[in-house]
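Structural overview
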Amino acid sequence: MPDVEAESSTQPEAMEEEEPLFSNLDLFLFTLIAGLIIYWFMSRKKAEPIPEFKKISSSTASNLKNSNCCCYFPLQGRNIVVFYGSQTGTGEEFANRLSKDAQRYGMKGMAADPEEYVMCELSRLAEIDNSLAIFCMATYGEGDPTDNAQDFYDWLQESDLELNGVNYTVFALGNKTYEHYNAMGAYVDKRLEELGAKRVFDLGMGDDDGNLEEDFVTWREQFWPAMCEHFGVEASGEDSSIRQYELKEHNDINMNKVYTGELGRLKSFETQKPPFDSKNPFLAPVIVNRKLNKAGNRHLMHLEVDITGSKIRYESGDHVAVYPTNDTAIVNKLGQILGVDLDMVISLNNLDEESNKKHPFPCPTTYRTALTHYLDIIHPPRTNVLYELAQYATDPKDQENMRKMASSAPEGKALYQSFVLEDNRNILAILEDLPSLRPPIDHLCELMPRLQARYYSIASSSKVHPNSIHICAVLVEYTTKTGRLTKGVATTWLKNKLVADNGHKSTVPMYIRKSQFRLPFKASNPVIMVGPGTGIAPFMGFIQERGWLKEQGKEVGETVLYFGCRHKNEDYLYQEELEEAEKTGVITKLNVAFSRDQEQKVYVQHLLRTNKEDLWRQIHTDNAHIYICGDARNMARDVQTAFYEIAEELGGMTRTQATDYIKKLMTKGRYSQDVWS
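Reading guide: rules and limits
Residues numbered from 1 in each chain as written. Predicted model: local features only at pLDDT ≥ 70, side-chain atom pairs only at ≥ 80, totals over all residues. Heavy atoms only, no water. Helix = DSSP H or I, 4+ residues; strand = E, 2+ residues; numbered from the N terminus. Buried < 20%, exposed > 50% of the residue type's maximum accessible area, 1.4 Å probe, protein only. Contact = heavy atoms within 4.5 Å. Areas by Shrake-Rupley, 256 points an atom, 1.4 Å probe, with all protein chains shown as cover. Polar contact = N/O pair within 3.5 Å; in protein donor to acceptor, adjacent residues only side chain to side chain. Pairing = 2+ DSSP bridges. Axes fitted to C-alpha atoms, helices over the stretch in contact; angles between N-to-C directions. pLDDT = per-residue confidence, 0-100. 1 Å grid on protein atoms, 1.4 Å probe; cavity = no way out; pocket = protein on both sides within 12 Å on 5 of 7 lines; lining within 4 Å. Points joined across faces, edges and corners; volume = space filled by probe spheres on them. Nonpolar A, V, L, I, M, F, W, Y, C, P; charged D, E, K, R; others polar. Core = buried A, V, L, I, M, F, W, Y, C linked by side-chain atoms within 4.5 Å. Disulfide = S-S within 2.5 Å.

A few points about the overall build of the protein chain
- Scanning the protein chain from terminus to terminus reveals 22 helices and 23 strands.
- Classification of the 677 residues of the protein chain by burial places 50% in the buried group.
- Within the protein chain, contacts between residues separated by at least 24 positions form 75% of all contacts whose residues are at least 6 apart in sequence.
- Of the roughly 32,800 Å² that the protein chain leaves accessible, carbon and sulfur atoms contribute 49%.

A look at the side chain of threonine 366
- Among the secondary structure elements, threonine 366 is positioned in strand β13 (residues 365-366).
- Judged by its relative accessible area of 9%, threonine 366 falls in the buried class.
- Within the local environment of threonine 366, its side chain forms a polar contact with the backbone nitrogen of threonine 369, the two atoms lying 3.0 Å apart.
- Setting aside its immediate chain neighbours within four residues, threonine 366 contacts Val258, Leu342, Asp343, Met344 and Val345.

Observations regarding the sheet that holds strand β11 (residues 319-322)
- Taken together, 6 strands build an open sheet; the order of strands is β14-β11-β18-β9-β10-β15 and the sheet is antiparallel. Lying at the two open borders of the sheet, with one neighbouring strand each, are β14 (454-457) and β15 (468-474). On average, each strand axis in the sheet is inclined to that of its neighbour by 40°, with strand direction left out of account.
- The sheet contact formed by β11 and β14 spans 4 bridges and is antiparallel. Note that in β14 the partner of valine 322 across the bridge is arginine 454.

Things to note about the confidence of the model for the protein chain
- Averaged over every residue, the pLDDT of the protein chain is 88; the share at 70 or more is 88%.
- Low pLDDT, under 50, characterises residues 1-22; the stretch is placed with 9 contacts to residues that sit more than four places away or in other chains.
- Segment residues 41-72: pLDDT under 50, and 35 contacts once partners within four positions in sequence are set aside and those in other chains are kept.

Examining unusual backbone geometry
- Look at the link from proline 274 to proline 275: it is a cis peptide, with omega at 5°.
- Relative to the helices and strands, proline 275 is located in the loop between β8 (245-250) and β9 (282-291).
- Residue proline 364 is bonded to the preceding cysteine 363 through a cis peptide linkage, with omega at 0°.
- In this fold, proline 364 is placed in the loop between β12 (345-350) and β13.
- Phi at lysine 311 takes a positive value of approximately 65°, unusual for a residue other than glycine.
- Structurally, lysine 311 can be placed in the loop between β10 (300-306) and β11.

Considerations on the sheet that holds β13
- The antiparallel open sheet is built from 3 strands, whose spatial order is β8-β12-β13. Unpaired on one side and paired on the other, β8 and β13 mark the two borders of the sheet.
- Bridge count between β12 and β13: 2 bridges; the pairing is antiparallel. When the sheet's bridge partners are listed, valine 345 is paired in β13 with threonine 366.

Brief notes about empty space enclosed by the protein
- Going through the model one piece at a time under the given rule, you end up with 1 cavity of 30 Å³ or more.
- There is about 60 Å³ of room inside the largest cavity.
- Lining the largest cavity, in full, are Asn211, Glu214, Val217, Thr383, Met405, Ser407, Ser408, Lys413 and Tyr416.
- Looking at the lining of the largest cavity, the elements with two or more residues in it are α7 (212-231) and α12 (410-422).
- Partitioning the lining of the largest cavity into residue classes produces 3 nonpolar, 4 polar and 2 charged.

A closer look at the environment of glutamate 422
- With respect to the secondary-structure elements, glutamate 422 resides in helix α12.
- For glutamate 422, a relative accessible area of 41% corresponds to the partly exposed category.
- On a C-alpha basis, the gap between glutamate 422 and lysine 481 in space is 7.7 Å, while along the polypeptide they are 59 residues apart.

Let's talk about the nonpolar core
- If you look at the biggest cluster of nonpolar residues, it comprises 41 residues, and the most contacted ones within it are Leu371, Leu375, Ile377 and Met402.
- Mapped by element, the contributors of at least two residues to this core are α8 (328-338), β12, α9 (367-374), α10 (383-389), α11 (396-405), α12, α13 (427-433) and α14 (441-447).
- Aside from chain neighbours lying at most four places away, what touches methionine 402 is Leu386, Tyr387, Leu389, Ala390, Ala393, Leu434 and Leu437.

Thoughts on the state of the cysteines
- Scanning all chains against the criterion turns up 0 disulfides.
- Left unpaired, cysteine 445 is separated from the closest cysteine sulfur, that of cysteine 363, by 9.3 Å.

Set out below in structure tokens:
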């Protein structure tokens, strides 16, 4: 909004003395215009929606007037608030489960997105009897908070607010293959204690490289009995399902008011308005979709989407987030097996009228739209879904097994691991294999998690391609132990985004997620890029940008690439572009490992050791920046080990010293990773 006060303080230039500055008419018009401007701004401000939260107490309300905060938690009648930091939806799922659990223990809970609340009001929880703040906090990337927890993280770092009397516990979600395992959850746990809050249950650590669901269930089953003892309450013993939403069928509704896949504003896909973000994605036309690999049984693809006129800006190293849709055939099978009209227009309305989450997904909509655009029906369902659906199994054995899988008992964990995870059964497969299980579709839609955006490292530079974004991806497709063909949701959807000859262009709902994976500020610094397979993606952008800088006459340091694939004649991605870049000097040295073209497998880490003298000079003497992109579980670890060994051998260090040396490079931003497991 313009700064009205600054504008009104500006004085007109002086005129000749004998003439009055303004005539009476000028003054009248000036006053009228100023009044209209002020009225416009004031009315515009009033039109903005202001959350109407219920007051905790009259004393709280009076204290709030002296506070710098604009709102506080709508906690009337609630004593459990579960905050979540979630990037892929799992943290939010766990928070919802814990808030529902509270009802079984005579408490009332709510799940809350910290992005939607002013967290300096956290201290107000101390005013509520038997109150508790639970934090389900995921760690993103290299120890970073998730997007929705960034402001909360910043506040924790800067705040000196006293949280005496606030009870809390934390469950952290992370992955042990990453350098900073559960860093965000551990930080929140430690920092809340430093601010005076009381930890009432130990920090839970969930490992997605192992079995995150099992870690959570085990922690949760120990947590609630401890809370009952702490607060002196007893479980109600109520094992029946607790519905969070009620179904409303719309038999006579204007279809212009029905959501058809939009994530936020109704009709946002028809009338696009910037700025574009996670709740308002841009529909980018696909202008290129080509297969990258020359042979082999895999499908690696290169897509280009057009962002002309969108005002979207990106930098090399950023991620593009895309919103896929589920396979139509699977959606139709679900409708058929449950015997429902998928085109029925429905709303699922929250039974808690005071909750800020009115629906589990945009409503009103149809079952078909919900199952296609909003719900994750492909991933194996979590244990809470099986527990809730068990009541609908008419075979007592099926019901018993489903409830058993939701427990922390060793037998139940083993059954869930084998039947659901190892056999990779999605909800359709479970319904097909358990004929006695036929739940109401509205309850199924309530329980299924939201379909999340997929993130891809951008394979282009905005300096060279300001109006398009390039994506490099491999089609996920495999057969499960039950003989079912399973396809990746996003990659299958992207593969089918073809550019038709008739001029029709498929579109991709997308937005940009900023990254810390950045080229050095000084172009003269050498860069060492290690990216096998589709890990090459961000480096295509880096190479394009380094080439552009050279064309601008900038001094550009050495640009060294280590790429790996299986066979030179099959999956050497971007071979022509890379070899041309080396020929023109944009790439100083191109190192390619073809792992299966000889008897002894050769990977990128082997090439690093082969070139150890050059690498050590570039890193230790020439201030090179190192970038790793690709698989976190094996490749990134092996590459890091190779750098340790080079530092040991050529730097005369012990392993401990070499480890510290590489970690210092990370701290300085000279060793960056964009990895996934």
